[in-house]
Amino acid sequence: MIEGERPVVLPAEQLLQPTTEGSPLWIRLSRGLEGAIGSGALTPGARLENEVSMSERLSLSRPTVRRAIQELVDKGLLVRRRGVGTQVVHGSVARQIDLTSLHDDLARSGRVPSTRVLDVTFARVGSEVTEQLGLDPAARVLKIRRVRFADAVPIAVLENYLPEAFADITAERLADVGLYHELRDRGVTLRVARQRIGARRASVDEGLLLDIGRGAPVLTMDRTAYDADGAAVEYGHHCYRPDLYGFEMTLVDR
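Predicted model, so just to flag it, every value in this text is computed and none were measured.

### Quick notes on the sheet that holds strand 4 (residues 113–124)
Piece 1. Strands sit in the order 4-5-6-9-8-7 across an open sheet of six strands; the sheet is antiparallel. If you trace the sheet from one side to the other, it starts and ends with strand 4 and strand 7 (190–201), each paired once. The mean angle between the axes of side-by-side strands here comes to 15°, regardless of whether they run parallel or antiparallel.
Piece 2. Sheet topology note: the strand 5 (residues 140–150)/strand 6 (residues 153–162) ladder contains nine bridges and is antiparallel. Looking at the pairing, Ala 150 lines up with Val 153 of strand 6.

### Thoughts on the pairing of strand 2 (residues 85–88)
Piece 1. Alignment of strand 1 (residues 78–81) against strand 2, held across four bridges, turns out to be antiparallel. The residue bridging Leu 78 from the neighbouring strand is Val 88, located in strand 2.

### Remarks on the nonpolar core
Piece 1. Among the nonpolar cores identified, the biggest contains 21 residues, and Leu 29, Leu 33, Leu 42, Leu 48, Leu 78 and Val 88 are the most heavily contacted of them.
Piece 2. Tallying contributions element by element places helix 2 (residues 25–39) first for this core, with six residues.

### Focus: the pairing of strand 9 (residues 232–240)
Piece 1. Burial within strand 9 is extensive, with eight of its nine residues counted as buried.
Piece 2. Taken together, the six bridges between strand 6 and strand 9 define a ladder with antiparallel strand orientation. The residue of strand 9 that forms the bridge with Tyr 161 is Tyr 235.
Piece 3. In this structure, strand 8 (residues 217–227) lies alongside strand 9, joined through eight bridges in antiparallel fashion. Within the sheet, the bridge partner assigned to Thr 224 lies in strand 9 and is Tyr 235.
Piece 4. The antiparallel hairpin formed by strand 8 and strand 9 contains four residues in its connecting segment, where Gly 230 sits at a positive phi of about 85°.

### Overview of the environment of Gln 132
Piece 1. Mapped onto the fold, Gln 132 is located in helix 6 (residues 127–132).
Piece 2. Here the alpha-carbon distance between Gln 132 and Ala 225, two residues 93 residues apart in the chain, equals 9.5 Å.
Piece 3. Not counting chain neighbours up to four residues away, the residues in contact with Gln 132 comprise Arg 194, Thr 224, Tyr 226, Ala 232 and Tyr 235.

### As for the pattern of salt bridges
Piece 1. Overall, the coordinates contain 13 salt bridges when judged by the stated rule.
Piece 2. When the shortest N-O distance is used, the salt bridge between Arg 62 and Glu 51 registers 4.0 Å. Remark: Glu 51 occurs in helix 3 (residues 51–58) and Arg 62 occurs in helix 4 (residues 62–74); sequence separation between them is 11 residues.
Piece 3. Beyond isolated ion pairs, a larger network of salt bridges with shared partners links Asp 168, Arg 173, Glu 182, Asp 185 and Arg 186.

### Overview of the side chain of Asp 222
Piece 1. You can see Asp 222 is positioned in strand 8.
Piece 2. Residue Asp 222 is classed as buried on the basis of its relative accessible area of 12%.
Piece 3. Of note is the side chain of Asp 222, whose polar atom sits 2.4 Å from the side chain of His 237.

### Description of helix 2
Piece 1. End to end, helix 2 covers 21 Å across 15 residues, agreeing with the expected 21 Å (1.5 Å per residue, within 8%).
Piece 2. By the burial criterion, the buried members of helix 2 are Trp 26, Ile 27, Leu 29, Ser 30, Gly 32, Leu 33, Ala 36 and Ile 37.
Piece 3. One or two steps after helix 2, the chain reaches Gly 40, where phi turns positive at roughly 95°.

### Some remarks on the packing of helix 2 against helix 4
Piece 1. Relative orientation of the contacting elements helix 2 and helix 4 amounts to 45°, with a least axis distance of 8 Å. Taken together, helix 2 and helix 4 sit at an angle that is classed as oblique. Pair helix 2 / helix 4 crosses with right-handed handedness. The residues of helix 4 that touch helix 2, namely those facing Leu 25, Trp 26, Leu 29, Ser 30, Arg 31, Leu 33, Glu 34 and Ile 37, are Thr 64, Val 65, Arg 67, Ala 68, Ile 69, Glu 71 and Leu 72.

### Considering the environment of Met 221
Piece 1. Turning to its location among the elements, Met 221 is positioned in strand 8.
Piece 2. Exposure remark for Met 221: the relative accessible area of 2% places this residue in the buried category.
Piece 3. As for Met 221 and Gly 236, which are separated by 15 residues in sequence, their C-alpha atoms are 7.7 Å apart.

### With respect to the side chain of Arg 145
Piece 1. Examined against the element boundaries, Arg 145 turns out to sit in strand 5.
Piece 2. One polar contact links Arg 145 to Asp 205, side chain to side chain, over a distance of 2.7 Å.

Rules of the game
- Residues numbered from 1 in each chain as written.
- Predicted model: local features only at pLDDT ≥ 70, side-chain atom pairs only at ≥ 80, totals over all residues.
- Heavy atoms only, no water.
- Pairing = 2+ DSSP bridges.
- Helix = DSSP H or I, 4+ residues; strand = E, 2+ residues; numbered from the N terminus.
- Axes fitted to C-alpha atoms, helices over the stretch in contact; angles between N-to-C directions.
- Core = buried A, V, L, I, M, F, W, Y, C linked by side-chain atoms within 4.5 Å.
- Buried < 20%, exposed > 50% of the residue type's maximum accessible area, 1.4 Å probe, protein only.
- Contact = heavy atoms within 4.5 Å.
- Salt bridge = Lys/Arg side-chain N within 4 Å of Asp/Glu carboxyl O.
- Polar contact = N/O pair within 3.5 Å; in protein donor to acceptor, adjacent residues only side chain to side chain.
- Expected span 1.5 Å × (residues − 1).
- Parallel < 35°, antiparallel > 145°, perpendicular 65-115°, else oblique.
- Left-handed = near helix turned anticlockwise from the far one by under 90°.

Interpretation note: all reported values are geometric properties and have no functional meaning in isolation.
Shown next as structure tokens:
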């Protein structure tokens, strides 16, 4: 539980909504919670009371409460967070397919971005990375690994690789501003990028960092960005929570 944050407790008559005659209790509770989210009685980020408290207060079994909550977790309306409990999702971020940073996109959408820097190292890496950056296979590169948060909820694990010229970028700067902001401050102008979007299952580490569990689906994006001179500046390999994040694009018939 976060200090000072109290769970929202709604009256039984609001949560146990009447439905079709004979509907299971978990459906009534699920519809009641969904209605409370839709009406604003449960606002984004609000924390629900725990299953034991809710089941006792509503005179329902714990499996009934658990199934009702899981129904809304599966719909992307609620999220379970270790050490915090069950919260109303802050809303998903739909990102246009543009040459922008996630940090900037979150700020523009009215969210509060924050970063946990996991690793900043200067070392030799695999040939896949050096090939993307147009470097000799034996070249050393700067590797950056971060978790990006939106309104304190983990939304993405970001891995970025940059040539030796950027080896002095610090973890402190990356925690304060986005990588692309740091590049702009250094006079780098990104002009074009090649990227690939996909999906896969989260690794054990990614599941822990994103609060989604091992094997949960994640969206992925691989991107190589180039400057105004056509030189590769950055190669990124990112994964995102699909319940909180998505990509948007506009298609035009020519």
